[in-house]
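Spelled out, the chains give:
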Amino acid sequence: MSMNERYEPQSIESRWQKRWAEARTFAAGRRPEAEKRYVLEMFPYPSGAMHMGHARVYTIGDVLARFLRMRGHDVLHPIGFDALGLPAENAAMKDGKHPAERTRENTISFREEMKSLGYSFDWDREIVTSDPEYYRWNQWFFVKMLEKGIVYRRQGKANWCTGCLTVIANEQVLESDGEQRCERCGSPVVEKVIPEWAFRITAYAEALPSPGRPRRSRSSRPASTRSTAARMSSSRRSTPSSRASRDPSGRPRSAPSSSACARPTPRSARGRGRRRRASSPVPRR
Ligand SMILES: [Zn+2]
C-alpha cells in the first residue's frame, strides 16, 4: 500500500460525501421494483448546536437505513428541522437575536454537521417546520378542525414554572424534598389552570379499528362526543410542553408508523437519576 496509511477523515469523508450528494445516492425511489422501507428519526430541534445526543440518535437510525439498503430495499430516510417553541425563543433571547434569525443559523450549522457525519438522509425531502411555507398547512388543518368542531377550547391544569413563566412538561418537573422545581431554571413549579385546545378524538373511537373488532364502514357516524384526553394546550403556552417532549437528546415523540422505524427515545441526561413527578396534568404527546 503506497498511499498514506493514516485515516484522514477530512479528505476521505468529504470526498465521498460530495460524491453521494452529486449522485443522489440516498434519494428514495431509486429502486422502484424493490420492497420499500421507511426509516424515520425524530427531527432535530435546532435551538442550539448539535451535540452527542443527536449524533447517537441519528447514527442509530442511519445504521438501520444503510443496513436495509444493503438488503436491497428502497429506503425512505428523510430529515427535517422542527424548531418552533420555547427553547428556540430562550436561546434567541440569551443571544439577543430574533428567534427566526437564530433558528436559521442553527439550522444551517446543524445541516452542515449532519452532512459531515455522512448520514444517509434523503436531503431532497428536507422540511423545516418553522418555515411559513410549511406551517401554513398546519394552520389550515387546524382551522378546518375548528370549523368541524373537532378542536375546541377548554380550561385545563398545567405545570407552571414561576421562573420561566411558561407551562412545562411533566418530564421537566423535578421533585426534591417534597418540592417541585423546574428542570431548566430551578424555580418552584405550581399547578395552574389555563385555557387550552383539545381534540375531540374520542368522537371517532368507534370508527377506528381495533384488534378483534372489524373496521366499521366509512359512512358510520361517530357515536360519542366525549372529549379527549389527548390535548393540545393553548397557543404560545402549548409550545414548551409539547416541544419539550421532542428533543432528540431525550424525548419521546409520535411518528408515522413504518415497517422499519428508528425512533430511539433516549432519556435526558440532565434529568437522569433524579426523581420525576409521577403524575401531572400536562398532557404528554
Ligand atoms: Zn423554569
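Source: prediction; values computed, not measured. (Residues numbered from 1 in each chain as written. Predicted model: local features only at pLDDT ≥ 70, side-chain atom pairs only at ≥ 80, totals over all residues.)

*Asks:* Even after reading the chapter, I still don't get the overall build of the protein, so can you show me in this structure?
*Replies:* Counting secondary structure elements, the protein contains six helices and 10 strands. Relative to its full complement of 285 residues, the protein shows a buried share of 25%. At a minimum sequence separation of 6, the contacts of the protein that also span at least 24 residues come to 75%. (Helix = DSSP H or I, 4+ residues; strand = E, 2+ residues; numbered from the N terminus. Buried ≥ 20, exposed ≤ 12 C-beta atoms within 10 Å, placed from the backbone. Contact = placed C-beta atoms within 7 Å.)

*Asks:* What is the right way to look at the pairing of strand β5 (residues 151–161) in this model?
*Replies:* Taken residue by residue, a regular strand's side chains alternate between the two faces of the sheet. Relative to strand β9 (residues 189–199), β5 is paired through 11 bridges, and the arrangement is antiparallel. What sits directly across from Ala 158, in β9, is Lys 192. The hairpin formed by β5 and strand β6 (residues 166–168) contains four residues between the paired strands, and Leu 165 there has a positive phi angle of roughly 60 degrees. (Pairing = 2+ DSSP bridges.)

*Asks:* Honestly, the confidence of the model for the protein in this entry has me stumped. Any pointers?
*Replies:* Predicted coordinates in regions of low pLDDT should not be interpreted in detail. The predicted model of the protein averages 77 in pLDDT, with 72% of residues at 70 or higher. Confidence drops under pLDDT 50 across residues 218–285; counting only partners more than four residues distant or on other chains, this segment forms 169 contacts. (pLDDT = per-residue confidence, 0-100.)

*Asks:* When you look at the pairing of strand β8 (residues 179–182) in this model, what are you seeing that I'm missing?
*Replies:* Across four bridges, the pairing between strand β7 (residues 173–176) and β8 is antiparallel. If you follow Val 173 over to β8, its bridge partner there is Cys 182.

*Asks:* Looking at this model, I keep getting lost on helix α2 (residues 52–70). Mind explaining?
*Replies:* Because an α-helix completes one turn every 3.6 residues, residues spaced three or four positions apart along the sequence face the same direction. Taking 1.5 Å per residue as the helical rise, α2 with its 19 residues ought to reach 27 Å, and the 26 Å between its terminal C-alpha atoms agrees with that figure. Three or more residues of α2 are buried, namely His 54, Val 57, Tyr 58, Gly 61, Asp 62, Ala 65, Leu 68 and Arg 69. Looking down the long axis of α2, one finds its buried residues gathered within 125 degrees of arc, a one-sided arrangement. Of the residues in α2, the exposed ones pointing more than 90 degrees away from the buried face are Met 52 and Met 70. Those residues of α2 that are buried are in contact with β1 (36–38), β2 (74–76) and α4 (99–116). Directly after α2, the chain includes Gly 72, whose backbone phi takes a positive value near 95 degrees. (Expected span 1.5 Å × (residues − 1). Arc of directions from axis to C-beta.)

*Asks:* Explain the packing of helix α3 (residues 86–95) against α4 to me, please; I cannot follow it from the model alone.
*Replies:* In a pair of packed helices, the angle between the axes and the distance between the axes together describe the arrangement. Put simply, α3 and α4 touch, their axes get as near as 9 Å, and they point 100 degrees apart. Considering the angle they form, α3 stands roughly perpendicular to α4. Along the contact surface, α3 presents Ala 88, Glu 89, Ala 91, Ala 92 and Asp 95, while α4 presents Pro 99, Arg 102 and Thr 103. Each residue belonging to the contact of α3 with α4 can be placed in one class, and the counts come to four nonpolar, one polar and three charged. (Axes fitted to C-alpha atoms, helices over the stretch in contact; angles between N-to-C directions. Parallel < 35°, antiparallel > 145°, perpendicular 65-115°, else oblique. Nonpolar A, V, L, I, M, F, W, Y, C, P; charged D, E, K, R; others polar.)

*Asks:* What exactly am I supposed to notice about the environment of Val 151 here?
*Replies:* Relative to the helices and strands, Val 151 is located in strand β5. By C-beta crowding, Val 151 is classed as partly exposed, having 17 other C-beta atoms within 10 Å. Residues Val 151 and Arg 200, spaced 49 residues apart in sequence, show a C-alpha to C-alpha distance of 6.1 Å. Once residues lying within four places of it in the same chain are set aside, the contact partners of Val 151 are Phe 142, Met 145, Leu 146, Trp 197 and Phe 199.

*Asks:* Got a minute to help me understand α3 in this structure?
*Replies:* Turning to α3, its buried residues are Leu 86, Pro 87 and Ala 88. Once α3 finishes, Gly 96 follows within two positions and takes phi at roughly 65 degrees, a positive value.

*Asks:* Explain unusual backbone geometry to me, please; I cannot follow it from the model alone.
*Replies:* When glycine is set aside, most residues are seen to have a negative phi, and most peptide bonds are trans. With phi around 50 degrees, Arg 24 is a residue other than glycine that occupies positive phi space. Checked against the element boundaries, Arg 24 lands in the loop between α1 (9–23) and β1. With a phi angle near 50 degrees, Asp 177 is a residue other than glycine that sits in the positive phi range. Position of Asp 177 among the secondary structure elements: in the loop between β7 and β8.

*Asks:* How do you make sense of the environment of Ala 169 when you look at a structure like this?
*Replies:* Within the secondary structure, Ala 169 sits in the loop between β6 and β7. Since 22 C-beta atoms lie within 10 Å of it, Ala 169 is described here as buried. C-alpha separation for the pair Ala 169 and Glu 183, spaced 14 residues apart in sequence, amounts to 9.8 Å.

*Asks:* Sorry, what's going on with the environment of Val 189 here?
*Replies:* Topologically, Val 189 is positioned in strand β9. Overall, the presence of 26 C-beta atoms within 10 Å leaves Val 189 in the buried class. For the pair formed by Val 189 and Val 173, sequence separation is 16 residues and the distance between their alpha carbons is 7.2 Å. For Val 189, the contacting residues outside a window of four places in its chain are Asn 159, Trp 160, Cys 161, Ile 168, Val 173, Gln 180, Arg 181 and Cys 182.

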